[in-house]
Number of protein chains: 2
Amino acid sequence: MNAAWIVNGRESAVEPADRGLAYGDGLFETMARREGHIPWFDYHWQRLQTSCKRLDISCPDRSVVCSEIAALDPSSEDCIVKIIVTRGSSGRGYRPVQGASPSRIISVSPWPNYPESRYLHGIRVCHCGTRLGENSALAGMKHLCRLEQVLAQREVEATGVDEGLMRSSSGYVMSGTMSNLFLVKSNQLQTPSLHLCGVAGVMRRAVIETAVSAGISVRKRLLSVREIAEADELFLSNSVFGIWPVNAVGDKQYSIGPITRMLMDKLRIPQNTRVLNA
Amino acid sequence: MNAAWIVNGRESAVEPADRGLAYGDGLFETMARREGHIPWFDYHWQRLQTSCKRLDISCPDRSVVCSEIAALDPSSEDCIVKIIVTRGSSGRGYRPVQGASPSRIISVSPWPNYPESRYLHGIRVCHCGTRLGENSALAGMKHLCRLEQVLAQREVEATGVDEGLMRSSSGYVMSGTMSNLFLVKSNQLQTPSLHLCGVAGVMRRAVIETAVSAGISVRKRLLSVREIAEADELFLSNSVFGIWPVNAVGDKQYSIGPITRMLMDKLRIPQNTRVLNA
């Protein structure tokens, strides 16, 4: 398949005055579509709605977005669906204009066929030098201001590993560049709390809920570089690739442990996924 | 005049896959054009070039941009010129694709006729609750990730003042939402150092150079809320409005002092401005 877009239901391009471009004044969701369904669509939509509310942007109508996704790709081919919602176009200046009409940009792009070895043997990651600025007003949202992740991904590429861990400006390990981070220590699952920075990932939520259902204790807290080094198991999550075990951070090696394997098994897409949307 | 745009020299719209929209992966310059000239154009261009280099984005050709500005508005009417440079379009994912062709988006918009009273009597400002995340990798650049400023401007509007001061996540007072900050204390000019966050404003540079030329000592350092409260004079700068004296931050009053007046006089646009471009 080729990538395709639809902007506000009809156009194929974005106005140069769109505040998403001008100021990163908007949000996005990147979703896996498998066999015609988007697993976790409810979770994506809840995050989008909650974040729109925080930014005071009108959230688009869910049924309109769903019908636009179906129109863009009527096949059941596996693909990536992305929704961008911005505050819309306005004149110059940071101040939002009251009553501006938000923009919605829906796109589909080919399914990334990640190597199976990443699931079987895990991935190598590095610690990125690029930090995440701490700002509780933005923490948790998947907003459009992602230059930190772009710079960190350049480091990942230069290092030749599969993904990179990002620390906050105070030095806490917060997440991967495009994924959330989990560690297992003494049979407890831990993941960074996201009140300072980071994205509250949809797969992070699914991992936490699945672990709790399986009787595993889950703790959200700020994690240090040392705690990462001393973890029994380490894995990354996002809603496209699911779960990737980490087999190395720099020189430190990890084996793929039982809790990681159990969560991977329960959350494997598409086999065992709860399909939440229509 | 009406606002007008030109995208990559010909189009009037932006591709939905542009990384400026997707990730804030780009830069901008907002410039005053007075009587057909852009004062400080050299400074704007130098900042754009330096920032492009930091982000590894190819800077557009200066002569092409200048001719596009002239084509967009051949009159000598006062207006605002904005240049956006992005890393261009790419597939999904934060990682920049090697050899992508950057986008340039030039726009003109009407001159904002700020009330003369702001220059004569000063402005009222508030301390915003929205903080600036600290990240030395982004500090100084006028990149497209401006959601913090958008949220802060909502506070300024709600408070009913003219501009707002923003603190970094550690609590240092860094700038206005759309301006740089200066204070005078014991005849010394001080302005926040920008190694943690903030934009290295073109008018900030001009103010510093003008002050040094006039024999005034200038210090760049991190400033506390208390130091703002104890300042003898306070003013804000940007390259569109020039210098606005601050007459109040919340309940604290300031009078417009001799150093502020001297700098306003030397930097008044268009009368005494060094016209640096063709």
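Please read all numbers here as calculations on a predicted model, not as lab measurements. (Residues numbered from 1 in each chain as written. Chains lettered and ligands numbered in written order. Predicted model: local features only at pLDDT ≥ 70, side-chain atom pairs only at ≥ 80, totals over all residues. Heavy atoms only, no water.)

(A) Quick peek at the nonpolar core. If you look at the biggest cluster of nonpolar residues, it comprises 69 residues, and the most contacted ones within it are Ile69, Val81 and Ile83 of chain A together with Ile69, Val81, Ile83 and Ile106 of chain B. With sequence-adjacent residues up to four places away left out, Ile83 of chain B is seen in contact with Leu27, Phe28, Glu29, Met31, Trp45, Leu48, Val65, Ile105 and Ile106 of chain B. (Core = buried A, V, L, I, M, F, W, Y, C linked by side-chain atoms within 4.5 Å. Buried < 20%, exposed > 50% of the residue type's maximum accessible area, 1.4 Å probe, protein only. Contact = heavy atoms within 4.5 Å.)

(B) Expanded view of helix H8 (residues 258–267) of chain A. All names here are of chain A. Restricting attention to buried positions, one finds in H8 the residues Ile259, Thr260, Leu263, Met264 and Leu267. Looking down the long axis of H8, one finds its buried residues gathered within 135 degrees of arc, a one-sided arrangement. On the buried face of H8, the contacting elements are helix H4 (117–120), strand E8 (180–185), strand E9 (188–192), helix H6 (202–213), strand E11 (233–238) and strand E12 (242–249). (Helix = DSSP H or I, 4+ residues; strand = E, 2+ residues; numbered from the N terminus. Arc of directions from axis to C-beta.)

(C) Broad picture of the interface of chain A and chain B. With 61 residues of chain A in contact, the opposing surface of chain B contributes 61 residues. At the boundary of chain A with chain B, total buried surface from both sides reaches about 4700 Å², with 64% on carbon and sulfur atoms. The largest per-residue losses of area from chain A upon contact with chain B belong to Leu21, Arg92 and Tyr94 of chain A, which jointly make up 18% of the total buried on that side. Taken together, the links from chain A to chain B amount to 2 salt bridges. A salt bridge links Asp56 of chain A to Arg154 of chain B; the nearest nitrogen and oxygen atoms lie 3.7 Å apart. Where chain A touches chain B, the interface holds 15 residue pairs in polar contact (both at pLDDT 80 or more). Elements with a contribution of two residues or more to the side of chain A that touches chain B: strand E1 (4–7), helix H1 (19–23), strand E2 (26–33), helix H2 (41–55), strand E3 (79–86), strand E4 (103–110) and helix H5 (147–159) of chain A. Take the side of chain A that touches chain B: its biggest share by element is 9 residues, from H5 of chain A. Residue composition of the side of chain A that touches chain B, grouped by class: 29 nonpolar, 16 polar and 16 charged. (Buried area = accessible area lost by both parts, 1.4 Å probe. Salt bridge = Lys/Arg side-chain N within 4 Å of Asp/Glu carboxyl O. Polar contact = N/O pair within 3.5 Å; in protein donor to acceptor, adjacent residues only side chain to side chain. Nonpolar A, V, L, I, M, F, W, Y, C, P; charged D, E, K, R; others polar.)

(D) Local environment of the state of the cysteines. Following the criterion strictly, the structure yields 0 disulfides over all chains and no others. As a non-bridged cysteine, Cys52 of chain A has Cys59 of chain A as the owner of its nearest cysteine sulfur, 4.1 Å distant. Here Cys66 of chain B stays free of any disulfide, with the sulfur of Cys59 of chain B as its closest cysteine sulfur at 11 Å. (Disulfide = S-S within 2.5 Å.)

(E) View of the domain arrangement of chain A. Residue and element names in this part refer to chain A. Assigned domains of chain A: these are domain 1 (4–110) and domain 2 (117–266). Look at where the C-alpha atoms of domain 1 and domain 2 centre, and you get two points 26 Å apart. If you look at the interface, domain 1 gives 22 residues, while domain 2 gives 21 residues. Summed over both sides, the interface of domain 1 with domain 2 buries roughly 1700 Å², with 64% coming from carbon and sulfur. Among the residues domain 1 hides against domain 2, the three largest losses belong to Phe28, Tyr43 and Arg47. Together they make up 36% of the total. Put simply, domain 1 and domain 2 have 0 salt bridges between them. Our count for the domain 1 to domain 2 interface comes out at 10 residue pairs in polar contact (both at pLDDT 80 or more). When contributions to the side of domain 1 that touches domain 2 are tallied by element, the ones reaching two or more residues are H1, E2, H2 and E3. Counted by class, the side of domain 1 that touches domain 2 contains 10 nonpolar, 8 polar and 4 charged residues. (Domains from an automatic or database assignment.)

(F) Seen up close, the packing of H2 of chain A against helix H3 (residues 62–72) of chain A. Residues and elements named next belong to chain A. The interhelical angle for the contact between H2 and H3, taken along N-to-C directions, is 130 degrees, at an axis separation of 12 Å. By the angle class used here, H2 and H3 are oblique. Pair H2 / H3 crosses with right-handed handedness. Counting all contacts with H2, which are made through Phe41, Asp42 and Trp45, the residues of H3 involved are Arg62, Val65, Cys66 and Ile69. Of the residues in the contact of H2 with H3, the class split is 5 nonpolar, no polar and 2 charged. (Axes fitted to C-alpha atoms, helices over the stretch in contact; angles between N-to-C directions. Parallel < 35°, antiparallel > 145°, perpendicular 65-115°, else oblique. Left-handed = near helix turned anticlockwise from the far one by under 90°.)

(G) View of the confidence of the model for chain A. Residues and elements named next belong to chain A. Predicted confidence across chain A gives a mean pLDDT of 94, with 96% of residues reaching 70 or more. Residue range residues 271–278 is modelled with pLDDT below 50. Its contacts to residues more than four positions away, or to other chains, number 21 contacts. Here the predicted complex scores 0.95 on pTM and 0.94 on ipTM. (pLDDT = per-residue confidence, 0-100.)

(H) Spotlight on helix H2 (residues 41–55) of chain B. In this model, H2 of chain B (15 residues) spans 21 Å end to end at C-alpha, consistent with the 21 Å of a helix rising 1.5 Å per residue. What H2 of chain B keeps buried is the set Phe41, Tyr43, His44, Trp45, Arg47, Leu48, Ser51, Cys52 and Leu55 of chain B. Its buried side turned inward, H2 of chain B meets H5 of chain A together with strand E2 (26–33), helix H3 (62–72), strand E3 (79–86) and helix H6 (202–213) of chain B. Asp56 of chain B sits one or two positions beyond H2 of chain B and adopts a positive phi of about 60 degrees. (Expected span 1.5 Å × (residues − 1).)

(I) Structural view of the pattern of salt bridges. Residues and elements named next belong to chain A. Under the counting rule described, the total for this entry stands at 24 salt bridges over all chains. Across the pair Arg47 and Glu29 runs a salt bridge whose closest N-O atoms are separated by 2.6 Å. Placement of the pair is Arg47 in helix H2 and Glu29 in strand E2, with a sequence separation of 18 residues. By relative accessible area, Glu29 is classed as buried at 2%. The closest approach of N and O atoms between Arg118 and Asp162, which form a salt bridge, is 3.5 Å. Highlighted residues: Arg118 in helix H4 and Asp162 in the loop between H5 and strand E6 (163–167), separated in sequence by 44 residues. Classification of Arg118 as buried rests on a relative accessible area of 18%. Each of Arg19, Asp25 and Arg87 takes part in a single network of salt bridges with overlapping partners.

(J) Region of interest: the packing of H2 of chain A against H6 of chain A. Residue and element names in this part refer to chain A. Two elements in contact, H2 and H6, have axes separated by 9 Å at closest approach and are oriented at 120 degrees. Taken together, the axes of H2 and H6 lie oblique to each other. Here H2 runs over H6; the crossing is right-handed. From H2, Tyr43, His44, Gln46 and Arg47 reach across to H6, where they touch Val202, Arg205, Ala206 and Glu209. Here the contact of H2 with H6 is composed, by residue class, of 3 nonpolar, 2 polar and 3 charged.

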